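Single-letter residue listing:
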Amino acid sequence: MKKKYIIVAVAAAMSVQMKAAEETETTAKETKKEFKLGDVMSKPKFSGYMIGNYNSTFQDDNNINTFSIRLIRLIMTGRILNDFEYKLQGQVNGNSSTYGESPRIVDMSVEWLKHKEFKIKIGQFKRPFTFENPMNPIDIGFNSQAQSVLKLAGFNDRTGEQSSSGRDIGVQMSGDLLPNSNGHTLLHYEVGVFNGQGINRKDVGNQKDVIGGFWVSPIKGMRIGGFGWIGSYARTGVWTEGGVETSGTRKVSRYRYAISAEYKDADWQIRSEYIHNTGGAFKKTANNSSDLIDCNLNESLGDRADGVYVAFVAPIIKGKLRAKARYDLYRNAGDWASAKTIYKTGINYLFCKNLEIQTEYSLVNDRSLANHNYSMADVQFSVRF
C-alpha cells in the first residue's frame with residue numbers, strides 16, 4: 001500500500017512539473033510572438049481612386065472641349081502598436097516640371113488614436129479648415145470643390161501658394177466630446193500649427209499658421225460649426241517697391257474664417273459654407289522653382305475676398321441615382337466687380353460603391369470678363385479600389 005502511495009505521489013509530481021514546463025514554454029512563445037513585426041505593426045492596406053473628366057466650355061471665341069485625367073491617387077495606411085495610424089498618399093498623374101501638376105506626395109502622417117477625446121496628428125495632411133476641404137473629391141458629389149474652398153482653403157490658394165490640395169506640414173490636436181446615450185458625440189474640435197507654405201515645403205517666414213475649428217452635432221449626420229485661420233504665406237526673392245528693387249523675405253497675411261453647416265446620410269447631402277479672407281496675394285503663382293524669386297504683390301487684387309456656396313444632393317433611386325444642384329459665389333477682391341457665380345445642376349449614377357459617373361451642366365456669370373455669361377458641361381468618371 002505504501003508503495004502504491006509513493007507511485008501516485010511521484011506521478012503527481014511529474015504531472016505538475018510537466019504542466020509548469022508547458023506553461024513556461026507557452027509564455028516564452030507568447031513573449032517571443034509579441035515582438036514579431038506583425039504584432040507591432042499591422043499589414044499595410046492599399047487603396048486609391050482614379051477620376052477622369054470630360055469638359056466643354058461654351059464661351060464666345062473661346063470654346064473648349066477636352067478629356068483629362070483629374071486625379072490618380074494611391075494610398076497606404078496601417079496601424080503601429082494599435083494606437084498609432086499612419087497614412088501615405090501619393091498623386092501620380094501629371095508631369096515632372098511644375099509643383100502644381102507633377103506627381104508628388106500629398107499625405108504623410110502619423111496619428112495617435114488611443115483616446116477619442118484627444119488625438120494628435122503630425123506630418124503632412126489636410127488643414128482643419130471648412131467641412132468640404134477634408135472630403136474625398138468623389139464624395140463631394142460635384143466635379144470640383146466650391147470656388148471659395150479652392151481659393152481660401154489651400155487648393156489653388158489666392159495668395160499664390162503652389163497647388164497644395166488643402167494640405168500643409170504641421171501638428172494637430174483633435175477630439176470628440178460629450179457622447180450621448182447612443183454613443184453619438186455632440187461636439188468635435190480640431191486645432192493645428194502649420195508651416196503656412198503648403199505641401200512639401202519648409203517654412204520660409206518662420207511664422208506658423210494656426211488653424212482650427214469646432215462643430216456641434218445635435219443629431220447623427222448634422223454638423224454646425226466654425227473655423228478660423230491666422231497666419232501668412234512667405235517667399236524669399238526680389239520685388240520692386242517705389243521704383244526700388246528690394247530682396248529678402250516677403251509675406252502676405254492670411255486671416256480667414258468660415259461658418260459651416262451640413263446634413264448628410266447615405267443618399268442626401270445638404271451643405272453650405274461662407275468663407276471670408278483678409279490678406280494680400282503675390283502676382284505670380286508658385287508653379288516652378290523660378291517663380292519663387294518673384295515677390296511682387298498683386299496690388300489691384302486688394303486684401304479682401306469672400307465666397308459662399310449651397311450644395312444639394314438628393315436620391316432619385318436609392319443607392320443608385322441622385323440629382324444635385326449647387327449655387328457657388330466667389331468674390332476674389334471682395335466686391336461685386338470681381339464676383340463669379342456658378343449655377344450647377346446634374347445627376348450622379350452609381351454602378352456600385354466603387355464605380356460612379358457624375359454629370360453636370362453649369363451657367364457661369366463672371367463679372368471680371370467683358371462677356372459675363374457662358375456655360376459648361378462636365379462628365380466625370382470615378383473608380384475606387
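Before any of the text, the structure's been laid out above.
Described below are features of the structure shown in this document.

How each quantity is defined
- Positions within a chain are numbered from 1, following the residues in the order the chain's sequence is written.
- Per-residue local features of the predicted model are confined to residues with pLDDT of at least 70, and side-chain atom pairs are confined, for both listing and counting, to 80 or more; whole-chain, interface and lining totals are unaffected and use all residues.
- The side-chain figures draw on all heavy atoms in the structure; neither hydrogens nor water molecules are used.
- What counts as a ring pair is set by centres within 6.5 Å for rings of Phe, Tyr and Trp (its six-membered ring), and what kind of pair is set by the plane angle: stacked under 30 degrees, edge-to-face over 60, tilted for all other angles.
- The numbering of helices and of strands both runs from the N terminus, where a helix is a DSSP run of H or I of at least 4 residues and a strand a run of E of at least 2.
- The classification of residues rests on relative accessible area computed with a 1.4 Å probe and restricted to protein chains. Under 20% of the type maximum is buried, over 50% is exposed, and intermediate values are partly exposed.
- Within this scheme, the nonpolar core is defined by two criteria: the residues are buried Ala, Val, Leu, Ile, Met, Phe, Trp, Tyr or Cys, and they are joined through side-chain atoms within 4.5 Å.
- By definition in these notes, contact holds between two residues if any of their heavy atoms fall within 4.5 Å.

With that settled, the discussion passes to the packing of aromatic side chains. All told, the structure shown has twelve aromatic pairs when counted by the stated rule. Taken together, a centroid distance of 5.6 Å and an interplanar angle of 65 degrees make the contact between Phe125 and Phe194 edge-to-face. Of this pair, Phe125 sits in strand E5 (residues 118-126) while Phe194 sits in strand E7 (residues 185-194); the two residues are 69 residues apart in sequence, bridging distant segments of the chain. A relative accessible area of 0% places Phe194 in the buried class. Plain terms: the ring middles of Tyr349 and Phe351 are 4.9 Å apart, the flat faces sit at 85 degrees to each other, and that makes the pair edge-to-face. Classification of Tyr349 by relative accessible area gives partly exposed; the value is 33%. Given a relative accessible area of 40%, Phe351 falls into the partly exposed group.

Bringing the nonpolar core into the picture now. Ranked by size, the top nonpolar core spans 23 residues in total, and within it Phe129, Val149, Phe227 and Ile275 carry the most contacts. Secondary-structure elements contributing two or more residues to this core are helix H3 (147-152), strand E8 (209-216), strand E9 (222-241) and strand E12 (304-317). In terms of residues, this core owes the most to one element, E12, which gives four residues. Excluding residues that lie within four positions of it along the chain, Phe227 makes contacts with Pro128, Phe129, Thr130, Phe131, Glu190, Gly212, Gly213, Trp215, Arg256, Tyr257, Ala258 and Ser260.

Right, let's talk about unusual backbone geometry for a bit. Backbone geometry places Leu178, a non-glycine residue, at a positive phi of 60 degrees. Mapped onto the elements of the fold, Leu178 is located in strand E6 (residues 167-179). We note that Asn206 has phi near 55 degrees; this positive angle belongs to a residue other than glycine. Within the element layout of this structure, Asn206 appears in the loop between E7 and E8.

By themselves these figures say nothing about function.
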